[in-house]
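Architecture at a glance
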Amino acid sequence: MEDDEDDMSLEERYTDMPVGLKNIGNTCYVNSILQIMFHNRPFRTALYKWDPSQDALEADNESQLEAENYRPRGKVASLQALFSMMEFSNRRAVDPNDFIAKLGLDPQVQQDAAEFSKLFISLLESSLSCQVEEEVRQIVQNQFRGEYAYVTKCCHCQRESKTPSYFYELDLPLQGQKTLLSCLQDFLKDEKLEGDNQYFCQGCECKRDAKRCVRLCKLPPVLNLQLNRFIFDMQTGRKKKLNSLVHFPEVLEMASYLRQEPSDENTYHLTGVLMHVGAEANHGHYIAHIQEATTAQWFKFSDAQVERLQQGRNR
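Attention in this report is confined to the structure presented alongside it. (Residues numbered from 1 in each chain as written. Predicted model: local features only at pLDDT ≥ 70, side-chain atom pairs only at ≥ 80, totals over all residues. Heavy atoms only, no water.)

**As for the sheet that holds strand β4 (residues 160–167)**
Note the threshold: If DSSP finds at least two bridges between two strands, the strands pair. A helix here means a DSSP run of H or I that spans at least four residues, while a strand means a run of E at least two residues long, and both kinds are numbered starting from the N terminus. Axis angles are defined between N-to-C directions and span 0 to 180 degrees, where every axis is a line fitted to C-alpha atoms and, for a helix, only to the segment in contact.
Within the open sheet, the four strands sit side by side as β4-β3-β9-β6. Their pairing is antiparallel. Of all strands in the sheet, those with a lone pairing partner are β4 and β6 (191–193), marking the two edges. Taken pair by pair, the neighbouring strands of this sheet meet at an average axis angle of 25 degrees, ignoring direction. Direction of pairing for strand β3 (residues 146–154) relative to strand β9 (residues 210–218): antiparallel, over a ladder of eight bridges. What sits directly across from Lys-153, in β9, is Lys-211.

Written out as structure tokens, the structure is:
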């Protein structure tokens, strides 16, 4: 595998093909997330505008003055350099080793892509917070952050208690579901608080039956939906994978979940799918199917291997 990927990193790529990323061990989960982030054009544009002079690690990095000998010190600088190589390299695959090393990840240990995505988004939000230009400083929030509220409603007096919260992805329950819409409905459904689990209502000043749910308030331009395929098996005491097939639409209308009229802002078009290939939770391989923004062509990214997908058969 490594020999094949080394060969690819030396081969010239076709001008209409995206660049792949070498797997330096078990880093397919990182590579898949990086490809999805790279193909988000507003994020990529903002990252290119990131100013190293406003970063404590890069401000006095003298190697910036020599393009060919530039050695990034920090994570964002390394990511910026990696994205630049992914966009402008004439090779079929580039090496993400510097960025992965700066993250402190063990290349020999595969992690859950969904968990890494959460940590990656948090790292980016924190690392970009010192930038002066708002487009750069707020790019994570502006692209990925939505808002929902945990709502508890007393069944007696109808009083509602709301706890607002931000989210960067929606973790949807998968067990027992067959479609993305049913996963969404399950995530947003009412939970009854009865019996020993009654809710103390501030209006009634006593415990009452109540209903609790998650209520979507504001959605981001890029809606990240995570299907919880990995669950804890109480019988075995181990994590297992749900291998059920899930149908999802290429156009997702979210207005009804926001209790609003349909609009362009609340209509989402599928642009990327990250998949775990393999029957078990602790083994397997991550790949990504991504739509290129300019041509609307879909591609399959499997580390260094990149292939064009036929329309209608890409997902």
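**Focus on the side chain of Glu-292**
Selection criterion: By the criterion applied in these results, polar contacts are pairs of N or O atoms within 3.5 Å in which, for protein atoms, one can donate a hydrogen and the other can accept it, and in which residues neighboring in sequence qualify only through two side-chain atoms.
Mapped onto the elements of the fold, Glu-292 is located in the loop between β16 (285–291) and β17 (298–302). A distance of 2.8 Å separates a polar atom in the side chain of Glu-292 from the backbone nitrogen of Thr-295.

**Side note on the packing of helix α2 (residues 28–38) against helix α6 (residues 113–127)**
Where we set the bar: Orientation labels follow simple angle bins: below 35 degrees gives roughly parallel, above 145 gives roughly antiparallel, 65 to 115 gives roughly perpendicular, and whatever is left gives oblique. Two helices that cross are described as forming a left-handed crossing if the nearer one is turned anticlockwise from the farther one by less than a right angle, and a right-handed crossing if clockwise. Residue contacts are counted whenever heavy atoms from the two residues lie within 4.5 Å of one another. Polar here means any residue outside two lists: the nonpolar Ala, Val, Leu, Ile, Met, Phe, Trp, Tyr, Cys and Pro, and the charged Asp, Glu, Lys and Arg; Gly therefore counts as polar.
Relative to each other, α2 and α6 sit at 50 degrees, their axes nearing to 10 Å. In terms of orientation, α2 lies oblique with respect to α6. You can see that α2 and α6 cross each other, and the crossing is right-handed. Two secondary-structure elements touch here, α2 through Tyr-29, Val-30, Ile-33, Leu-34 and Met-37 and α6 through Ala-113, Phe-116, Ser-117, Phe-120, Ile-121 and Leu-124. Its residues assigned to classes, the contact of α2 with α6 shows ten nonpolar, one polar and no charged.

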